[in-house]
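# Residue-level structural notes
Residue strings, one per chain:
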Amino acid sequence: MIFMFVVGLEVDIEGVRNSSFAAVLVGIASLVVPFLLGSLVLAPHLYDDYKYASCGASPSSNSTAFADDPGCETVSAVVFQLFVGTALSVTAFPVLARIIADCHMLKLPISSLAMGCAALNDMMAWVLLAVCLTVQYSSTYLDILKMVALLVAFFLGLEYVAHPLFRVAVLRPYRLHGAVGHGAMALLVASLLTAAWLAYRIGFHPTLGAFLLGLSFPRCHADPGLAHSILDKLEPVSVHLLDPCFFLITGLSTDLSSLGPRGAAALAYVFALALFGKLVGAGVSA
């Protein structure tokens, strides 16, 4: 979350505004094409093997073993199609940000466009996931409307509460004293955690809330030292300590040995379609 706040702080906000139409166009296209490929092409081939939503202790990941387990429940074909389509259309937002940051490209216009597309794509994907859960558990569609309304309120809070607060409590003291004090840093960290928690409560990933908070932070183009001072305090913790832990935990949570030949073939098929969908959707629209 700290890293995503840092990324949002470093993104050229003027570049994002200038490329907003392109970001919306490319973001939607890079979601729609993979979603259609996943739901209409990939899902029908995977449904028989991966339609089990919850199972008790099963002897293996073999679908026949799951079918014989009375503790297994299946999802409907419609929900499975929605979920697979959503899975293929999602952009790995933190990973994309990490790649762009490591390549020192955050200040480039193309990076602003890519981050804008990824943020829009991520928000739409979470809404689609909410639709999947609503269909699966027969919830009311008012929950989805509530999710969208809370997201709009979150944006308004960043623009009309967080932005003015940072301008008064962080930017103004910096202009007077030339440094970011401990109180200002405490406010930033508390705001970061609050934004991440609110995004999670709304139904989105916490890193999205942290990124949007970084975008809402007031810029001082005449004196970029403010951003540099904040980055000098936050980046060592994020880049050198927390980021490696995040990717280590992700790697430890992945068990490729349980795939088997059939699962490995399915993984290759998924990867090929996801790559093709993203390249066609984003490339053609760009």
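Our next topic: the packing of aromatic side chains. Counted by the stated rule, this structure contains two aromatic pairs. Between tyrosine 47 and phenylalanine 80 the ring centres are 5.4 Å apart and the planes differ by 70 degrees, which places this aromatic pair in the edge-to-face class. Of the two residues, tyrosine 47 is situated in helix α3 (residues 20–50) and phenylalanine 80 in helix α5 (residues 77–89); the sequence distance between them amounts to 33 residues. Each member of the pair, tyrosine 47 together with phenylalanine 80, is buried. Plain terms: the ring middles of phenylalanine 166 and phenylalanine 217 are 5.1 Å apart, the flat faces sit at 40 degrees to each other, and that makes the pair tilted. On the criterion of sequence distance, the pair formed by phenylalanine 166 in helix α8 (residues 142–177) and phenylalanine 217 in the loop between α10 (206–216) and α11 (225–252) is long-range, its members being 51 residues apart. Exposure remark for phenylalanine 166: the relative accessible area of 1% places this residue in the buried category.

Another point: the confidence of the model for the chain. Here the chain averages 79 in pLDDT, while 87% of its residues score no lower than 70. Per-element averaging of pLDDT across the chain places helix α4 (residues 63–67) at the bottom with 48 and helix α9 (residues 182–202) at the top with 90. Predicted confidence is poor over residues 56–62, with pLDDT under 50, and the contacts of this stretch with residues over four places away or in other chains come to eleven contacts.

Once that is clear, we can look at the environment of valine 161. Turning to its location among the elements, valine 161 is positioned in helix α8. Residues valine 161 and serine 216 lie 55 residues apart in sequence; the distance between their C-alpha atoms is 10.0 Å.

Right, let's get into the packing of helix α1 (residues 2–10) against α11. Relative to each other, α1 and α11 sit at 145 degrees, their axes nearing to 9 Å. Here the hand of the crossing between α1 and α11 comes out left-handed. Counting all contacts with α1, which are made through Ile2, Phe3, Phe5, Val6, Leu9 and Glu10, the residues of α11 involved are Ala227, Ile230, Leu231, Leu234, Glu235, Ser238, Leu242 and Asp243. Of the residues that constitute the contact of α1 with α11, the class distribution is ten nonpolar, one polar and three charged.

What counts, and where the lines are drawn
Residues numbered from 1 in each chain as written. Predicted model: local features only at pLDDT ≥ 70, side-chain atom pairs only at ≥ 80, totals over all residues. Heavy atoms only, no water. Phe/Tyr/Trp six-rings, centres within 6.5 Å; stacked < 30°, edge-to-face > 60°. Helix = DSSP H or I, 4+ residues; strand = E, 2+ residues; numbered from the N terminus. Buried < 20%, exposed > 50% of the residue type's maximum accessible area, 1.4 Å probe, protein only. pLDDT = per-residue confidence, 0-100. Contact = heavy atoms within 4.5 Å. Axes fitted to C-alpha atoms, helices over the stretch in contact; angles between N-to-C directions. Left-handed = near helix turned anticlockwise from the far one by under 90°. Nonpolar A, V, L, I, M, F, W, Y, C, P; charged D, E, K, R; others polar.

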